[in-house]
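Notes for the structure review
One-letter residues, chain by chain:
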Amino acid sequence: MLAFRNTAAINGEYKTNKVNIMNLTFREANEADYPAIIELHKSQDWGLDTPRTIRNFQEQGNSIIVGEQNKEIIGKMDLMPKKRDNIHFLYLERLILAPEHRNKGIGKQFIQFAEEQAKKRNLKFLDLAVRDENVVAKKLYTGAGFEIIGRKVYMRKNVETE
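At a minimum axis distance of 10 Å, the contact between helix α1 (residues 34-42) and helix α2 (residues 51-59) shows a crossing angle of 100°. Comparing their axes, α2 and α1 come out roughly perpendicular. Seen from α1, the contacting residues are Tyr34, Ile37 and Ile38; seen from α2, they are Pro51, Ile54, Arg55 and Gln58. Here the contact of α1 with α2 is composed, by residue class, of 5 nonpolar, 1 polar and 1 charged.

To describe a pair of aromatic rings, you give the distance between the ring centres and the angle between the ring planes. One pass over the structure, following the stated rule, counts 4 aromatic pairs. Judged by centre distance (5.2 Å) and plane angle (15°), the ring pair of Phe89 and Phe125 falls under stacked. A residue pair is termed long-range when its members are at least 10 positions apart, and Phe89 in strand β6 (residues 87-97) and Phe125 in the loop between α3 (106-120) and β7 (126-130) qualify at 36 residues. Residues Phe89 and Phe125 agree in their burial class; the two are buried. With 5.7 Å between their ring centres and 70° between their planes, Tyr141 and Phe146 make a pair best called edge-to-face. Classification of Tyr141 as buried rests on a relative accessible area of 8%. Taken together, the ring pairs in this structure connect Phe26, Phe110 and Phe113 into an aromatic cluster. The ring of Tyr91 has Lys82 sitting right over it, with the charged end atom 5.6 Å from the ring centre.

Moving on, we get to the pattern of salt bridges. Per the stated rule, a full pass over the model turns up 11 salt bridges. Note that Arg94 is salt-bridged to Asp49, the shortest N-O span being 3.0 Å. Of this pair, Arg94 sits in strand β6 while Asp49 sits in the loop between α1 and α2, and the two are 45 residues apart along the sequence. When its relative accessible area of 25% is taken as the criterion, Arg94 is described as partly exposed. By relative accessible area, which is 15% here, Asp49 ends up buried. We note a salt bridge from Lys138 to Asp132, for which the minimum N-O separation is 3.1 Å. Ionic contacts of the salt-bridge type, sharing partners, join the residues Asp49, Lys76, Asp78 and Arg94 into one network.

Its place among the elements puts His101 in the loop between β6 and α3. On the basis of relative accessible area, His101 is assigned to the buried category, the value being 12%. Discounting chain neighbours no more than four positions away, the residues touching His101 are Gln69, Glu72, Ile74 and Ile106.

Rules used in this analysis
- Residues numbered from 1 in each chain as written.
- Predicted model: local features only at pLDDT ≥ 70, side-chain atom pairs only at ≥ 80, totals over all residues.
- Heavy atoms only, no water.
- Axes fitted to C-alpha atoms, helices over the stretch in contact; angles between N-to-C directions.
- Helix = DSSP H or I, 4+ residues; strand = E, 2+ residues; numbered from the N terminus.
- Parallel < 35°, antiparallel > 145°, perpendicular 65-115°, else oblique.
- Contact = heavy atoms within 4.5 Å.
- Nonpolar A, V, L, I, M, F, W, Y, C, P; charged D, E, K, R; others polar.
- Phe/Tyr/Trp six-rings, centres within 6.5 Å; stacked < 30°, edge-to-face > 60°.
- Buried < 20%, exposed > 50% of the residue type's maximum accessible area, 1.4 Å probe, protein only.
- Lys NZ or Arg CZ within 6 Å of the ring centre and 35° of its normal.
- Salt bridge = Lys/Arg side-chain N within 4 Å of Asp/Glu carboxyl O.

Here it is as structure tokens:
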């Protein structure tokens, strides 16, 4: 897994939590959105979410941002305030679009919205992690100004059962 950071575009001030970019509206998810979010997650084998786990995630101070077009949720991302080495930043996770809305520049619009959220919070950068084999996502993130800052190694140990 690769860890990415975007520092280039985090300047200025952000005025509102609801933004409309080319007929795409971004807003914080509410409980009525949970079924659509769960369906998006299932398309990526993230199908472990329930309305309760989503609610708990939000109650911990995290944001789930949905993107709507014509009153239909076409994508979502999670934004989490984090702190590492005494530096506060915004962590972007689980950005996903409905398959029919991919490769249309909408992912870049989600990233732009995340940058604006970081500006609003006076944070200096966005971080995210992406699997090394996810070539499409890596292209999206590097095209949006993210740079690789590290790599994670996944390890496993088989445990024999009786």
